[in-house]
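The residues making up each chain are set out below.
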Amino acid sequence: MAGPPAASPGELLRRLRQRHPADPVTHVERVPPRAGVPAPWPSWAPEELRAAYARRGVATPWRHQVEAAGLAHDRRHVVVATGTASGKSLAYQLPALATLLADPRATVLYLAPTKALAADQLRAVAALEIEGVRPACYDGDTPRAEREWIRRHSRFVLTNPDMLHHGILPGHAQWSGFLRRLAYVVVDECHVYRGVFGSHVAHVLRRLRRQCARYGRTAGPTFVLASATSGDPAAAAGRLTGLPVAAITEDTSPRAGVTFALWEPPLLPPEPSTSGPTPAPRQKPSAGMAKGDRRVTSGQPEPRAEPSADPAQANRQPTSGQPEPFPGVPSPSGEPAAGSDLTQVRRSALRETADLLADTVAAGVRTLAFVRSRRGAEVVATSARRSLDEAVPGLGDRVAAYRGGYLREERRELERALLHGDLLGLASTNALELGVDLIGLDAVVICGYPGTRASLWQQAGRAGRSGQEALAVLVARDDPLDTYLVHHPEAVFGAPVEATVLDPANAYVLGPQLACAAAEAPLTPADLELFGDGAKEAVEALVEAGALRQRPTGWYWRHRERPAVDLRGEGGAPVCVVEAATGRLLGTVDGGSSHFLLHAGAVYLHQGVSYVVDSLDLDDGCALVRPEEPDWSTHARDVTSLSVVSVRSYVDAGPVGFFLGEVDVTSQVVSYQRRRIATGEVIDTRPLDLPARELRTVAVWFTLSPESLVAAGVDPVDVPGALHAAEHAAIGLLPLVATCDRWDIGGLSTAVHPDTEAPTVFVYDGHPGGAGFAERAYGMAASWLRATRDAIAECGCETGCPSCVQSPKCGNGNNPLSKPDAIRVLDVVLTNLPE
Ligand SMILES: [Zn+2]
Ligand SMILES: [Zn+2]
C-alpha cells in the first residue's frame, strides 16, 4: 500500500492555491464523513449465502442493501439509487441468489451497459461459489461453441442491452426455457439509459417482458435496478421498465470525509492573438513541493478546449448548430466576429488540471484526474509527466494516462501499480469505461463539470480511503455551466441530483422497436398497451409503410430480414473512417455527426492520433484519412432554418409566450474554419459542398413582443445579438435541469420568425423525434432561465466570453452577441412567466 498522504486535504489545498497570485478557489465544501448503518441479514437469506459473503469479507450488510433486497424478495420492482461503492450489487445478488438456491429451476438475467462491467460482475458472482448457479457472460465475445451451453445450463446470465436486442430476443425460441423460468432481471447502472439510447432500451425491456409472458411466465420477472444517485429514480426506472418501481435512496454505507474545492482558472490578460498563449503567472513552488518550476511551459501546443473528435464525444454531436438567422442585419459594431480573436480567455482547464496533478503527485498524494476526452487525458498526463521530470528526473514515470480499450490484464496492472504506490497519478476518462476498481485514492481532480451532479459525485466518490480524509477539486472549463457552478456552490452541494430523462413515446424509437417486436412475434392489441403511448399510431404507420401486414390475429412483419435497428446509433447510418494508405478501419462516426467531423480537410482525432480527412463519400458511408498532425484544428460551420410543425403546449404570459412543440430543422454544413491550436487564431475559412439535412424534433421556444423589448431598453438594432446571446447561454445551462449536455441540443434565434411573427429563441433536441430534453426544459422553464440569466449577469467579462454567452459550436461565429441585452431579454421573460 502507498504510505499515508503527505498532508491533510486542507493543508494540501492550501499549498495548491498558494501557488497562484489570485486565489483560484471559489468555494470549499467540507463533506463530513458518514458512519455506516448496519442491519441484520434478513431471515429469508439462506445460511449458505451468508457464509459465502462472510468469506468475501461482508460480515453484516448495510441497511439500504437489506431494504432493497427485501422489496425484491417480496417480488416488488425496486431501484436502489445510492453512491459509488455503496454495495448496490449485494442488494440484487442477495434476492436473486436466494431464489436460485430455493428454486433449482429459476433463472436470472443481468444487464450492464458495457461488457467490461458485466465481466466484473461475473467475477463477483462466481467468487461467491454458489453451487448450481453457473454464472456466465453472454455477449459478442462469447465463442459460438459456448453459447448453447450457456442457454441450456447457466442460471445467471450476464449481458448488455445490445446483445439482448440483437441476439437473445430475435433468437427467443432458443431461450424459451430460460425466459419461462426468469425470476429476476437486474438492470445495473440504469442511469446510463437516458435520452434516445434510454428510450430504445426501455422498449427492449418491454420486448423482454413480452417474450417472458409468451413462454408462460405470466406474472413476469421482478426488476431490480441499480442507479447512481439521481433525482426521482422511481419515476425514471418506471419509465425505463414500464412498471411501478419503488426506490431506495438513503445511502447507509460509511464514507470518508472529503474536502471539495471549486476551482476557476484565472482570466489571462488580453493579448493580441499573434503572440501565442500566455500562461498565467504562478509562484515558485513552495518548499514542501518538488523543486523547480513545474509549470507547463508556454509554446507547447495545447488545445484550448478539449477536442470533441474522439468517438465518445462524437456520438453526442447532433445535427445542429447555430443558424445564419439575421440576413441583412449588420453586426451592431461592425466588428469582426467575437469568436475570431478570443479577446478574453481563461487559462485552460486541461493545463490547470495537469498542474494540479503534477503538484499532488510531487507531494506524494495518490491522485486520479478525470478528463472528458481521451485526447484530453493524454494531454494532461503528458504535461504532468514533463513538469515532474523537469523537477526531479524520473518522477514523471509515476504518472500514466488511461485511454480506454486496454486489456483486462493491463487494467489490473494499473490498478495494482496505483494500489502499491508505484504509480501516483492517473489521468483518465470516466470510470465506467475504466472497468478498474479504483477506490480509496487520496485526491481526485475533475477537469470540467462532467455534465451531471450525479457523475460529479460518482467521480468525487473515488477519493477517500477508510478513516482518511480526501481532497476533490472541480476545475471549471471556459463554459457557462462550469462558470455558473463554481460561483453557485449551492447548485453543486445543495441541489438534488438531476432526473434521468428518457422518452419511450418518441415515434422515431417506438416505430423501429415495434418493428423488431413484430419480427420476433406478431403484435396483438394487448401488446400495444405494453408499448405505451403512441404505439397504436406507430403500428398504423408501419402498416402504411408496408412493413407490417394486418391480419385478424394481429400485425405481422412482412420481410425476410429482421429490421436493422441500432440502439446507440442515430441520425443515419454510421460513416466508416478508413486509413487511405492501409485500408485499416479506424472507427465509425454516426451519420449525424459525419458532416461536422469528417468533411474533406477536417482534422480528425482517433485515440489521441491526429488524421486529416482526404475525402468523404456519403454514398459509400466512408471517409478516407491520412495520419498527419497539423498545428491547426478545424471547425465546421452550418446554416440552419426551422419551421414550426405543431404546438403541444403553451403558456400565454402577456408580452411573453412560451411553447413546446414539434419543429422541422434544416441544416447544412457550408464551410469550415482552420484555427491555430495554440492561439485559437483563425487561419482561413474554406467552403464545403455538402447536402442539407432535415431533422423533425421537439423544441421549446419563447417569444417576446417588440414593445416589451423596447420598454426593457433593448435597442432594436441589438435585438438579434440579445436573442442570440440568450440562446447560447440557455443551451449551456439546460444540463442543469436535464441529463443532457450542450451537444445534445441545438438552437436558433431570430428577430422575426415567420411562424411566430415575433422575436423568438428556439432550443431543440438534436435527435430525431426528440429525446425528452426540450420537454424537460419546458417543465422547468423558470429555474432554467433564472440560472441562465444569473450565469450571464455574474460572469466577470465585459462583452461576453466562452464562460457566458459564446458557444464553441456556434455556426455563426459567435456574431452578433450582446451580453447586457441578453440579460434584459431574460428579465422580460422571467418577470412575465409564472413560476
Ligand atoms: Zn463572460
Ligand atoms: Zn450562435
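It should be emphasised that the depicted structure is a prediction, and the values quoted were computed from it without experimental measurement.

**Student:** So what exactly am I meant to see when it comes to helix H6 (residues 144-153) here?
**Tutor:** Within an α-helix, residues lying three or four positions from one another point in the same direction, as the helix has 3.6 residues per turn. Within H6, burial applies to Arg147, Ile150 and Arg151. Looking straight down H6, one finds its buried side chains confined to an arc of 95°; they lie on one side. Away from the buried face of H6 by more than 90 degrees, exposed residues Ala145 and Arg152 are located. Lining the buried residues of H6 we find strand S4 (136-137), strand S5 (156-159) and helix H7 (161-168).

**Student:** Quick question: what am I supposed to make of the pairing of strand S11 (residues 399-402) here?
**Tutor:** Every other side chain in a regular strand lies on the same face of the sheet, so the side chains alternate between the two faces. By the alternation rule, side chains of S11 split into Val399 and Ala401 and Ala400 and Tyr402, which are all buried. By the bridge criterion, four bridges tie S11 to strand S12 (residues 425-428) in an arrangement that is parallel. Residue pairing across strands places alanine 401 opposite alanine 427, the latter belonging to S12.

**Student:** Looking at this model, I keep getting lost on the environment of glycine 772. Mind explaining?
**Tutor:** Following the sequence through the fold, glycine 772 ends up in the loop between strand S27 (760-765) and helix H25 (773-779). Along the primary structure glycine 772 and leucine 502 are separated by 270 residues, whereas in three dimensions their C-alpha atoms are 5.6 Å apart. In contact with glycine 772, not counting residues within four places along its chain, are Val501, Asp503 and Asp765.

**Student:** Looking at this model, I keep getting lost on the sheet that holds strand S9 (residues 258-263). Mind explaining?
**Tutor:** Within a sheet, adjacent strands bond to each other through the backbone by hydrogen bonds, running parallel or antiparallel. Across the sheet, seven strands lie side by side as S1-S9-S14-S13-S10-S12-S11; this open sheet has mixed pairing. The open sheet has two edge strands with one neighbour each: strand S1 (25-31) and S11. Averaged over neighbouring strand pairs, the angle between their axes works out to 15° when direction is ignored. Across the face of the sheet, helix H1 (residues 9-18) comes into contact with S1, S9 and strand S14 (470-475) while running at roughly 20° to S9. Each of S1, S9 and S14 touches helix H17 (residues 480-487); the most contacted strand, S9, lies at about 125° to it.

**Student:** Would you mind going over the confidence of the model for the protein with me for this structure?
**Tutor:** Across the protein, pLDDT averages 83, with 84% of residues at or above 70. Below a pLDDT of 50 lies the segment residues 1-5, which in the model reaches 15 contacts outside its immediate sequence neighbourhood of four places, other chains included. Every residue in residues 273-343 scores below 50 in pLDDT, and together they form 194 contacts with partners more than four places removed in sequence or on other chains.

**Student:** I keep staring at helix H12 (residues 349-362) and nothing clicks. Help me out?
**Tutor:** Across its 14 residues, H12 extends 20 Å between first and last C-alpha, which sits within 8% of the 20 Å expected from 1.5 Å per residue. Counting buried positions over the 14 residues of H12 gives 13, a clear majority of the element. Backbone geometry just downstream of H12 places glycine 364 in the positive-phi region, at approximately 80°.

**Student:** Can you help me understand the packing of helix H4 (residues 88-102) against helix H5 (residues 115-127) in this one?
**Tutor:** The relative placement of two packed helices comes down to the angle between their axes together with the axis-to-axis distance. Across the interface, H4 lies against H5 with an axial gap of 12 Å and an inter-helix angle of 50°. With respect to their mutual orientation, H4 and H5 come out oblique. Two packed elements cross with a definite hand, and for H4 against H5 that hand is right-handed. Contact residues: Ser89, Tyr92, Gln93 and Leu97 in H4; Gln121, Ala124 and Val125 in H5. Class assignment of the residues belonging to the contact of H4 with H5 gives a composition of four nonpolar, three polar and no charged.

**Student:** Can you help me understand the sheet that holds strand S8 (residues 246-248) in this one?
**Tutor:** The seven strands are arranged S4-S5-S3-S6-S7-S2-S8 in an open sheet whose pairing can be described as parallel. Strands with a single pairing partner mark the edges of an open sheet, and in this sheet they are S4 and S8.

**Student:** It is not clear to me how the side chain of arginine 366 should be interpreted in this structure. Could you clarify?
**Tutor:** Relative to the helices and strands, arginine 366 is located in the loop between H12 and strand S10 (367-371). Under the relative-accessibility criterion, arginine 366 is labelled buried at 3%. At 3.0 Å, the side chain of arginine 366 forms a polar contact with the backbone oxygen of leucine 418.

**Student:** Looking at this model, I keep getting lost on the pattern of salt bridges. Mind explaining?
**Tutor:** Under the defined criterion, the tally for this structure stands at 29 salt bridges. Note that aspartate 482 is salt-bridged to arginine 477, the shortest N-O span being 3.4 Å. With relative accessibility at 3%, the residue aspartate 482 sits in the buried group. Given a relative accessible area of 21%, arginine 477 falls into the partly exposed group. Bridged by salt links that share partners, the residues Glu11, Arg14 and Arg15 form one connected network.

**Student:** Help me out: how do you make sense of the packing of helix H24 (residues 719-733) against helix H27 (residues 819-832) in this one?
**Tutor:** Running from N to C, H24 and H27 point in directions that differ by 75°, and their axes come no closer than 8 Å. The angle between H24 and H27 falls in the class roughly perpendicular. Here Ala722, Leu723, Ala725 and Ala726 of H24 lie close against H27, whose contacting residues are Asp821, Ala822, Val825 and Leu826. Residues belonging to the contact of H24 with H27 are distributed by class as follows: seven nonpolar, no polar and one charged.

**Student:** Quick question: what am I supposed to make of the packing of aromatic side chains here?
**Tutor:** All told, the structure shown has 13 aromatic pairs when counted by the stated rule. On the numbers, 5.9 Å between centres and 20° between planes, the contact of tyrosine 650 with phenylalanine 659 is stacked. The exposure class assigned to tyrosine 650 is exposed, which follows from its relative accessible area of 55%. Put simply, the rings of Tyr650, Phe659, Trp701 and Phe762 touch in pairs and so form one group of aromatic residues.

**Student:** Help me understand the nonpolar core, please; the structure alone is not making it clear to me.
**Tutor:** Nonpolar side chains in soluble globular proteins tend to end up buried together. Phe658, Phe702, Trp784 and Leu785 are the most contacted members of the largest nonpolar core, which has 79 residues in total. Per-element tally for this core: the top contributor is H24, with nine residues.

**Student:** Would you mind going over the pairing of S27 with me for this structure?
**Tutor:** Along S27, six of the six residues are buried, which leaves the element largely enclosed by surrounding structure. Residues Thr760, Phe762 and Tyr764 point to one face of S27 and Val761, Val763 and Asp765 to the other, with burial holding for every one of them. Pairing of strand S25 (residues 693-704) with S27, which is carried by five bridges, proceeds in the antiparallel orientation. Looking at the pairing, phenylalanine 702 lines up with valine 761 of S27.

**Student:** What exactly am I supposed to notice about unusual backbone geometry here?
**Tutor:** When glycine is set aside, most residues are seen to have a negative phi, and most peptide bonds are trans. For glutamate 129, which is not glycine, the phi dihedral falls at a positive 50°. One can find glutamate 129 in the loop between H5 and S4. With phi around 50°, arginine 134 is a residue other than glycine that occupies positive phi space. Assignment of secondary structure puts arginine 134 in the loop between H5 and S4. Residue arginine 134 is classed as partly exposed on the basis of its relative accessible area of 36%.

About the thresholds
- Residues numbered from 1 in each chain as written.
- Chains lettered and ligands numbered in written order.
- Predicted model: local features only at pLDDT ≥ 70, side-chain atom pairs only at ≥ 80, totals over all residues.
- Heavy atoms only, no water.
- Buried < 20%, exposed > 50% of the residue type's maximum accessible area, 1.4 Å probe, protein only.
- Helix = DSSP H or I, 4+ residues; strand = E, 2+ residues; numbered from the N terminus.
- Arc of directions from axis to C-beta.
- Contact = heavy atoms within 4.5 Å.
- Pairing = 2+ DSSP bridges.
- Axes fitted to C-alpha atoms, helices over the stretch in contact; angles between N-to-C directions.
- pLDDT = per-residue confidence, 0-100.
- Expected span 1.5 Å × (residues − 1).
- Parallel < 35°, antiparallel > 145°, perpendicular 65-115°, else oblique.
- Left-handed = near helix turned anticlockwise from the far one by under 90°.
- Nonpolar A, V, L, I, M, F, W, Y, C, P; charged D, E, K, R; others polar.
- Polar contact = N/O pair within 3.5 Å; in protein donor to acceptor, adjacent residues only side chain to side chain.
- Salt bridge = Lys/Arg side-chain N within 4 Å of Asp/Glu carboxyl O.
- Phe/Tyr/Trp six-rings, centres within 6.5 Å; stacked < 30°, edge-to-face > 60°.
- Core = buried A, V, L, I, M, F, W, Y, C linked by side-chain atoms within 4.5 Å.

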